[in-house]
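Chain by chain, the residues:
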Amino acid sequence: MVLKVNIEDKIVLNRFIVGLLYGVVVYAIYLLRGPLEASRIGWAASILVYYFTIPYIVYKYKPPSRFQVYFRGLATFYATWLLTSILLHELFRFLGVVE
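What counts, and where the lines are drawn
- Residues numbered from 1 in each chain as written.
- Predicted model: local features only at pLDDT ≥ 70, side-chain atom pairs only at ≥ 80, totals over all residues.
- Heavy atoms only, no water.
- Phe/Tyr/Trp six-rings, centres within 6.5 Å; stacked < 30°, edge-to-face > 60°.
- Helix = DSSP H or I, 4+ residues; strand = E, 2+ residues; numbered from the N terminus.
- Buried < 20%, exposed > 50% of the residue type's maximum accessible area, 1.4 Å probe, protein only.
- Lys NZ or Arg CZ within 6 Å of the ring centre and 35° of its normal.
- 1 Å grid on protein atoms, 1.4 Å probe; cavity = no way out; pocket = protein on both sides within 12 Å on 5 of 7 lines; lining within 4 Å.
- Points joined across faces, edges and corners; volume = space filled by probe spheres on them.
- Nonpolar A, V, L, I, M, F, W, Y, C, P; charged D, E, K, R; others polar.

Side note on the packing of aromatic side chains
Here is step 1 of the chain: On inspection of all chains with the given rule, the structure shows 10 aromatic pairs.
Here is step 2 of the chain: For the pair Tyr22 and Trp81, a centre-to-centre distance of 5.2 Å together with 80° between the ring planes defines the contact as edge-to-face. Here Tyr22, found in helix α1 (residues 7-33), pairs with Trp81, found in helix α4 (residues 74-95); they are 59 residues apart in sequence, far enough to count as distant. The two residues Tyr22 and Trp81 agree in class, both being buried.
Here is step 3 of the chain: Members of the aromatic cluster, connected to one another through ring pairs, are Tyr22, Trp43, Tyr50, Tyr51, Phe77, Tyr78 and Trp81.
Here is step 4 of the chain: Above the plane of the ring of Tyr59 lies Lys62, whose end atom (NZ or CZ) is 5.4 Å from the centre.

Regarding the layout of surface pockets
Here is step 1 of the chain: Counted as a void, the largest pocket has a volume near 230 Å³.
Here is step 2 of the chain: Along the wall of the largest pocket there are 13 residues; nearest its centre are Val26, Tyr30, Ala38, Ser85 and Ile86.
Here is step 3 of the chain: At the level of elements, α1, α2 (35-61) and α4 are the ones that each hand at least two residues to the lining of the largest pocket.
Here is step 4 of the chain: In terms of residue count, α4 provides more of the lining of the largest pocket than any other element does, six residues in total.
Here is step 5 of the chain: Grouping the amino acids of the lining of the largest pocket by side-chain chemistry returns nine nonpolar, three polar and one charged.

Geometry only, nothing functional implied.
Shown next as structure tokens:
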């Protein structure tokens, strides 16, 4: 059985992975600098991180529409990094690693 993945799925998966990695980085900033600084850096840098995915998407997948380049996976990226940070915080708090 061969799964056929279309270009939109590849773009969303790519932005999911970037969001996951970015969420880990934001959580590390939270541990090192505190919640206020992590929020400031996280939201400001998230725009830059997302826009750095654009040239990669264009180069790798050559999508036919601008919508796919700029907006496909936008909600996935933001939801993933936010949920990753929240889940890591809750997990480490549950394990007693942080307060």
